[in-house]
Amino acid sequence: MDLRIMGLEAPILTALQHLADLPEEAEKTFNAPTRTYVRDAKAMAATPADVKEYPNSYVFVIDMPGLKSGDIKVQVEDDNVLQISGERKREDEKEGAKYVRMERRVGKFMRKFALPENANVEAVSAVCQDGVLTVTVEKLPPPQPKKPKTIEVKIA
């Protein structure tokens, strides 16, 4: 609300107007994403994955060149979220060598996948071979159709 429109320009009124606008500024500050959120979002965007569905499983394929199995963590959280994370560290520089160009990505990476209801979170396996991580989540067997229950009719 601009008090000058009504012809009021006293310093006290200007101060009151400024105070009235503070909640709007505070809202912008509180709604800003945190550094952790921005870092995690960048890590997720920079980790492409292929997801395949087979009759008995779901398979997640992610390129992980140069990483050891100790650098990769595969977890199931909240009973239906598959999280693949880790960190690619920069190689130690040898004396006398310096980077002319550095294009390979270093730092943390992460991907989260919501698993479908028929995913068996107790049967998850992960294999990293030739720089490709393959995570397999087995499917639960389909529920058996319920047989109709026959109720004996008694004559009273």
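Everything that follows concerns the structure shown earlier in this document.
Residues numbered from 1 in each chain as written. Predicted model: local features only at pLDDT ≥ 70, side-chain atom pairs only at ≥ 80, totals over all residues. Heavy atoms only, no water.

Asks: Please give an account of the side chain of K139 that cites residues and values.
Replies: Structurally, the position occupied by K139 is in strand β7 (residues 132-139). The buried category is assigned to K139, whose relative accessible area is 17%. There is a polar contact of 2.6 Å between the side chain of K139 and the side chain of E53. Excluding residues that lie within four positions of it along the chain, K139 makes contacts with E53, Y54, P55, N56, S57, Y58, N118 and N120. (Helix = DSSP H or I, 4+ residues; strand = E, 2+ residues; numbered from the N terminus. Buried < 20%, exposed > 50% of the residue type's maximum accessible area, 1.4 Å probe, protein only. Polar contact = N/O pair within 3.5 Å; in protein donor to acceptor, adjacent residues only side chain to side chain. Contact = heavy atoms within 4.5 Å.)

Asks: Got a sec to walk through the side chain of Q83? Specific residues and values, please.
Replies: As for its position among the elements, Q83 is in strand β4 (residues 81-88). Q83 gets classed as buried once you look at its relative accessible area, which sits at 9%.

Asks: Provide a residue-level description of the pairing of β4, including the pertinent values.
Replies: Sheet faces and side chains relate simply in a regular strand, where the side chains alternate between the two faces. Burial of β4 is extensive: seven of the eight residues sit out of reach of the surface. With six bridges connecting them, strand β3 (residues 72-77) and β4 associate as antiparallel partners. Each residue of the ladder has a partner; that of V76, found in β4, is L82. In sequence, β3 turns back onto β4 through a hairpin of three residues, with D78 there showing a positive phi of about 55°. One ladder, built from eight bridges, connects β4 with strand β5 (residues 107-114); its direction is antiparallel. Paired with V81 across the bridge in β5 is A114. (Pairing = 2+ DSSP bridges.)

Asks: I'd love a proper account of the environment of D79, names of residues and values included.
Replies: One can find D79 in the loop between β3 and β4. Placed 43 residues apart in sequence, D79 and E122 show a C-alpha to C-alpha distance of 9.5 Å.

Asks: Quick rundown of the sheet that holds strand β2 (residues 57-63)? Include the residues and the values.
Replies: Within the open sheet, the four strands sit side by side as β1-β2-β7-β6. Their pairing is antiparallel. Because the sheet does not close on itself, it has two edges, and the strands there are β1 (50-53) and β6 (119-129). Across the sheet, the mean angle from the axis of one strand to that of its neighbour is 15°, orientation sign disregarded. Bridge count for β6 against β7 is seven bridges, and the pairing is antiparallel. Residue pairing in the sheet places V124 in a bridge with V137 of β7. (Axes fitted to C-alpha atoms, helices over the stretch in contact; angles between N-to-C directions.)

Asks: Let's hear about the nonpolar core: which residues, and what values?
Replies: Formed by 15 residues in total, the largest nonpolar core has its most connected members in F60, M64, I72, L82 and I84. Setting aside chain neighbours within four positions, we find L82 in contact with F60, V74, Q75, V76, R111, K112, F113, L115, V135 and V137. (Core = buried A, V, L, I, M, F, W, Y, C linked by side-chain atoms within 4.5 Å.)

Asks: Account for the sheet that holds β3, naming residues and giving values.
Replies: A sheet is described by the order of its strands in space; here three strands give the open sequence β3-β4-β5, paired in antiparallel fashion. Of all strands in the sheet, those bounded by a partner on one side alone are β3 and β5. If you compare each strand with its neighbour and ignore which way they point, the axes differ by 15° on average.

Asks: How would you summarise the pattern of salt bridges if you had to cite specific residues and measurements?
Replies: Enumeration over the complete set of coordinates arrives at two salt bridges. With a shortest N-O distance of 2.6 Å, K139 and E53 are connected by a salt bridge. Linking K139 in strand β7 with E53 in strand β1, this pair joins segments that are 86 residues apart in sequence. Overall, the relative accessible area of 54% leaves E53 in the exposed class. Between K112 and E77 there is a salt bridge, with its nearest N and O atoms 3.3 Å apart. Of this pair, K112 sits in strand β5 while E77 sits in strand β3, placing them 35 residues apart in sequence. Classification of K112 as partly exposed rests on a relative accessible area of 37%. We classify E77 as partly exposed; its relative accessible area is 24%. (Salt bridge = Lys/Arg side-chain N within 4 Å of Asp/Glu carboxyl O.)

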